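Per-entry structural report
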Amino acid sequence: MISHVPVGSMLPEHFQEVLAAEASAKFLQAVDEARRELGGVVIWNINSTPKGGGVAEMLRSLLAYARGGGVDARWVTIGGNADFFHLTKRLHNHLHGAPGDGGPLGDAEHAVFEDVANKAASELTPLIEEGDIVLVHDPQPAGLCGPLKEAGAKVIWRCHIGLDRANDLIREAWDFLRPYVEPADEFVFSRLSYAWDGLPKDHITVVPPSIDAFSPKNQEMEPDVVRAILSVAGIIPDGDGATTFTRVDGTPGRVNNRAVMHEVAPTPADAKVVVQVSRWDRLKDPLGVIKGFAERVDSPEAHLIYAGPAVEEVADDPEGAEVLEEARVAWEALPPGAKDRVHLAALPMQDGDENAAIVNALQRRADIVVQKSIAEGFGLTVAEAMWKGRAVVATRIGGIQDQVTDDTGVLVDDPLDLDAYGDAVAALLEDPERAATLGAAAKERVRDHFLGPRHLMQYLDIFRELKSRD
Ligand code: UDP
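Read on for a plain summary of the structure. (Residues numbered from 1 in each chain as written. Predicted model: local features only at pLDDT ≥ 70, side-chain atom pairs only at ≥ 80, totals over all residues. Heavy atoms only, no water.)

1. What about the site of the ligand?
- Lining the immediate environment of the ligand, one finds 18 residues, of which Gly 54, Arg 279, Lys 284, Leu 380 and Glu 384 sit closest.
- Contact distances for the ligand include 2.9 Å between an oxygen atom and a side-chain N or O atom of Lys 217.
- Between Thr 381 and the ligand, the recorded distance is 3.3 Å, taken from a backbone N or O atom to an oxygen atom.
- Taking 540 Å² as the accessible area of the ligand by itself, protein coverage stands at 90%.
- Counting residues per element, the ones that place at least two in the shell around the ligand are helix 2 (54-68), strand 12 (302-309), helix 11 (352-365) and helix 12 (380-387).
- Top element by residues in the shell around the ligand is helix 12. It accounts for three residues. (Near = heavy atom within 4 Å. Polar contact = N/O pair within 3.5 Å; in protein donor to acceptor, adjacent residues only side chain to side chain. Areas by Shrake-Rupley, 256 points an atom, 1.4 Å probe, with all protein chains shown as cover. Helix = DSSP H or I, 4+ residues; strand = E, 2+ residues; numbered from the N terminus.)

Here's what the structure looks like:
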């Protein structure tokens, strides 16, 4: 029922390369203090998937730096059956204010939820020692908060998703989940507006997510490597050099696997490229991204690449295959001139680092990165693109608003206004100078606010706070 996910080890000193001297000294001092203060304590992190999606992405990196800094940070995933993951996907959708499959959240669902939680808890609690700290991420493992607390751990419930203005659907999810998370000592949300009614206000902390500047997803990549990776992956045939990158654990990696492309013909090497990278999820609005582009961006040089994971690989996302199919059908129905310029890419997922390197290459190759989500907890893809100096066109929702400002990208007010999104893309493609200015400012914004050191130091503050309550 539970699996231990191997965590790499990365040296926190690495950040000297990207942070100003003062910021990196402050971080390294915090790492030193953490090593001393957390000696003998295990920092457990529990979620439901080792790959796919933003939480897995962050855990892989943050935990590696914690381990590299001498803190015993670990990662455990819980499994479940199809009923469980349909239910948790429903909860996930409700937490975004959407009905998902429209199914109920009643007694039968509580039974499904508790059955998985109890089985996972019976495997995990024997490993917990008094004083261990457990971060429980998102709805899937929420049912473990109580058992872990009883086993002697300090428990932090970390909710990565939410809605700017609560509606009835999200309240239903809160009511379903609240009894499970209430035993936690502290509640962490990505934005203050996501904090649930009924949780103790003085035990709520806001911690925005972050990206890892050195991971295969975000590390520097020379233009010829970008071209070679996109060629080998079958996305844009252009160049045949080395496809090497550095893995999360610091060892060398190479891109070998190909994406499955749905397209008339490959994107030309000299195309202006617009990219959205997202799981196959309706809340990322693949159909809107495709339609708005097809209807409003008419330059023959402009191509849209909508990339997501190869769907069968993401265990906790039963809707993935359906949504990819919907996108494919929408693409199939486009008029010929537009259809030629829209490409769907299902990226290989056998090797998480390789997948990340392909995403990195795609984002760097992009002239513009789009994140036209209808709901978004944070939107790591936005920070990833900004860190690469890309101009972003995104919707003014959720955590995207915390990242993109008027000086660092373009925000479209109404997520359902496809014309506004398409026109914003078209205008930026016409004005590469503006795109470059926005991109350069975007990179500085990420350096100041959205890298791992800020995130890890906020966690350390919470751990200290929990200790001070003893
Ligand atoms: N991602 C990826 N490969 C894919 C699709 C997405 O590595 O084929 C990554 C993406 O780069 C980002 C994360 O998955 O790091 C998605 O996080 P985000 O916060 O944007 O959205 P979520 O999936 O958590 O809703």
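Picking up where we left off.
2. Describing the sheet that holds strand 5 (residues 154-159)
- Taken together, seven strands build an open sheet; the order of strands is 1-3-2-4-5-6-7 and the sheet is mixed. The open sheet has two edge strands, strand 1 (2-4) and strand 7 (204-206), and neither has a second partner. Geometrically, the sheet is characterised by an average inter-axis angle of 25° between neighbouring strands, direction not taken into account.
- Across six bridges, strand 2 (residues 42-47) lies against strand 3 (residues 72-78) in parallel orientation. Its bridge partner being in strand 3, Trp 44 is matched across the sheet by Arg 74.
- Most of the contacts of helix 2 go to strand 3, to which it runs at about 155°, and overall it touches strand 2, strand 3 and strand 4 (133-137). (Pairing = 2+ DSSP bridges. Axes fitted to C-alpha atoms, helices over the stretch in contact; angles between N-to-C directions. Contact = heavy atoms within 4.5 Å.)

3. Focus: helix 8 (residues 286-296)
- Listing the buried residues of helix 8 in full gives Pro 286, Gly 288, Val 289, Ile 290, Gly 292, Phe 293 and Ala 294.
- Where helix 8 is buried, its residues meet strand 11 (272-277), strand 12, helix 9 (320-332), helix 10 (336-339), strand 13 (342-347) and helix 14 (418-430). (Buried < 20%, exposed > 50% of the residue type's maximum accessible area, 1.4 Å probe, protein only.)

4. Quick word on the nonpolar core
- By size, the foremost hydrophobic cluster in this structure holds 84 residues, and its most contacted members are Ile 43 and Ile 235.
- For Ile 235, the residues in contact, after removing those within four places along its chain, are Leu 230, Ala 259, Met 261, Thr 267, Ile 305, Leu 347, Ile 358 and Leu 362.
- Grouped together as the second largest cluster of nonpolar side chains are 46 residues, Leu 95, Leu 105, Tyr 180 and Val 181 included. (Core = buried A, V, L, I, M, F, W, Y, C linked by side-chain atoms within 4.5 Å.)

5. A word on unusual backbone geometry
- In this model, Asp 138 sits at a positive phi of 70°, which is unusual for a non-glycine residue.
- Asp 138 gets classed as buried once you look at its relative accessible area, which sits at 10%.
- The phi dihedral of Asp 285 falls on the positive side, at around 55°, and the residue is not glycine.
- Summarising the element assignment, Asp 285 is placed in the loop between strand 11 and helix 8.

6. Considerations on the packing of helix 1 (residues 21-37) against helix 16 (residues 452-468)
- The N-to-C vectors of helix 1 and helix 16 enclose an angle of 35°; their axes lie 10 Å apart at closest approach. Viewed along their axes, helix 1 and helix 16 form a crossing whose handedness is left-handed. Residue-level contacts link Lys 26, Phe 27, Ala 30, Glu 33, Ala 34 and Glu 37 of helix 1 to Pro 453, Leu 456, Met 457, Leu 460, Arg 464 and Lys 467 of helix 16.
- A per-class count over the contact of helix 1 with helix 16 returns seven nonpolar, no polar and five charged. (Left-handed = near helix turned anticlockwise from the far one by under 90°. Nonpolar A, V, L, I, M, F, W, Y, C, P; charged D, E, K, R; others polar.)

7. So, the side chain of Arg 364
- Tracing the backbone shows Arg 364 in helix 11.
- Buried and without a salt bridge, Arg 364 has Glu 220 as its closest oppositely charged side chain, separated by 4.1 Å.
- Discounting residues that sit within four places of it in the chain, Arg 364 has contacts with Asn 218, Gln 219, Glu 220, Met 221, Val 226, Lys 388 and Arg 390. (Lys, Arg positive; Asp, Glu negative; His and termini not counted. Salt bridge = Lys/Arg side-chain N within 4 Å of Asp/Glu carboxyl O.)

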